[in-house]
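Architecture at a glance
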Amino acid sequence: GAASVISAELRLSPTAAVARVALSCELVQELPATLAQLAAGRIDGYRARIIAEQTRPLAQHPGLRRRVEAELLRRAHRQTATQLRAAARKAVAAADPASAEERHQTARAGRFVSPPCPEPDGMASLLIRLPAEDAAALFTAVDAAARHTRRPAARQERASGPKEERTLDQLRADVLAGLAWSALRA
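Remember, predicted model here, so these are calculated numbers, not experimental data.

Conventions used here
Residues numbered from 1 in each chain as written. Predicted model: local features only at pLDDT ≥ 70, side-chain atom pairs only at ≥ 80, totals over all residues. Heavy atoms only, no water. Helix = DSSP H or I, 4+ residues; strand = E, 2+ residues; numbered from the N terminus. Buried < 20%, exposed > 50% of the residue type's maximum accessible area, 1.4 Å probe, protein only. Polar contact = N/O pair within 3.5 Å; in protein donor to acceptor, adjacent residues only side chain to side chain. Contact = heavy atoms within 4.5 Å. Axes fitted to C-alpha atoms, helices over the stretch in contact; angles between N-to-C directions. Parallel < 35°, antiparallel > 145°, perpendicular 65-115°, else oblique. Nonpolar A, V, L, I, M, F, W, Y, C, P; charged D, E, K, R; others polar. Core = buried A, V, L, I, M, F, W, Y, C linked by side-chain atoms within 4.5 Å. Patch = residues over 30% accessible without salt bridge, like charges linked within 9 Å, V, L, I, M, F, W, Y side chains within 5 Å. Areas by Shrake-Rupley, 256 points an atom, 1.4 Å probe, with all protein chains shown as cover. Salt bridge = Lys/Arg side-chain N within 4 Å of Asp/Glu carboxyl O. Lys, Arg positive; Asp, Glu negative; His and termini not counted. Charge placed at Lys NZ, Arg CZ, Asp CG, Glu CD.

This part covers the side chain of Q54. By the secondary structure assignment, Q54 is in helix α4 (residues 45-55). For Q54, a relative accessible area of 15% translates into the label buried. One polar contact links Q54 to R89, side chain to side chain, over a distance of 3.4 Å. The residues contacting Q54, other than those within four sequence positions of it, are R85, A88, R89 and V92.

The subject of this paragraph is the packing of helix α2 (residues 14-30) against helix α3 (residues 32-39). Axis separation between α2 and α3 bottoms out at 6 Å; the angle between their running directions is 110 degrees. Taken together, the axis directions place α2 and α3 in an arrangement best described as roughly perpendicular. Residues L27, V28 and E30 of α2 form the contact with α3, whose participating residues are P32, T34, L35 and L38. Partitioned by chemical class, the residues of the contact of α2 with α3 number five nonpolar, one polar and one charged.

This part covers the packing of α3 against helix α5 (residues 62-73). One way to put it is that α3 packs onto α5 with a least axis distance of 9 Å and a crossing angle of 30 degrees. Considered as vectors, α3 and α5 are oriented roughly parallel to each other. Each of P32, A33, T34 and Q37 in α3 lies in contact with α5, whose residues at this interface are R66, E69 and L73.

Trans is the common state for peptide bonds, and a negative phi is the common state for residues other than glycine. In this structure, R11 is a non-glycine residue whose phi angle is positive, near 55 degrees. Tracing the chain through its elements places R11 in the loop between α1 (2-10) and α2. Even without glycine at this site, D121 takes up a positive phi of about 65 degrees. Looking at the element boundaries, D121 is found in the loop between β2 (117-119) and β3 (123-125).

I43, I51, L58, V68, L72 and L84 are the most contacted members of the largest nonpolar core, which totals 21 residues. If you list the elements that add at least two residues to this core, you get α2, α4, α5 and α6 (81-95). Among the elements that take part in this core, α6 stands out by supplying seven residues, more than any other. Residues within four places of L58 in sequence aside, it is in contact with L64, R65, V68, V92, A95 and D96.

Before going further, it helps to spend a moment on α4. Every buried residue of α4 is listed here: R47, A48, I50, I51, A52, Q54 and T55. Against the buried residues of α4 lie α2, α3, α5 and α6.

With that out of the way, let us pick up a positive patch on the surface. On the surface, R42, R74, R75 and R78 cluster together to form a positively charged patch. With respect to the helices, strands and loops of the structure, R74 is situated in the loop between α5 and α6.

In this section: the pattern of salt bridges. All told, the structure shown has eleven salt bridges when counted by the stated rule. Two residues, R56 and E26, come together in a salt bridge whose shortest N-O distance is 2.7 Å. Of the two residues, R56 is situated in the loop between α4 and α5 and E26 in helix α2; the sequence distance between them amounts to 30 residues. We classify R56 as partly exposed; its relative accessible area is 39%.

Right, let's talk about a nonpolar patch on the surface for a bit. A contiguous nonpolar surface patch, about 580 Å² in accessible area, is contributed by V113, L126, I128, L130, L138, L176 and L179. Within the element layout of this structure, L179 appears in helix α10 (residues 168-185). Given a relative accessible area of 52%, L179 falls into the exposed group.

This part covers the side chain of Q79. Mapped onto the elements, Q79 comes out in the loop between α5 and α6. When near neighbours in sequence (up to four residues on either side) are disregarded, Q79 contacts R47, L84 and A87.

Written as structure tokens, this is what we have:
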């Protein structure tokens, strides 16, 4: 019922209203120190939501969750949202390493490459979800190949061929597409 009132009053979608009510209940019942910092104006609502979201894996261990919450709140007011999110992930993993490894294995099992999603002007996009080390290896390899394709200015002046005018992003995309076309030909 509260979500319906909030949805109407704040002109939010019902889903967004339910999320706000759920977060409010979570702060009151499970993260009172975060709520107190929010009420005192030391952190904003966005940071409070980050703390709630990132510490949810510890919800079955309330004492542990509150300990991590207290650790995060010491610096949350001085951190950017990105810094706070990274600190929270690290603190949660350190607080319960066995559960962190279990979550990693579950997430790893969900790796995928999506089918192409059509975009305007004859373009398409792909979503690739990989373990961090695999994504880093893929990007590093594509980036290295793209940078190798780009000749230093001095060599370009001496070279008889045309000057490379593609951006590094374009070269990375072309290298990846080239790998796919080569594999299809093979």
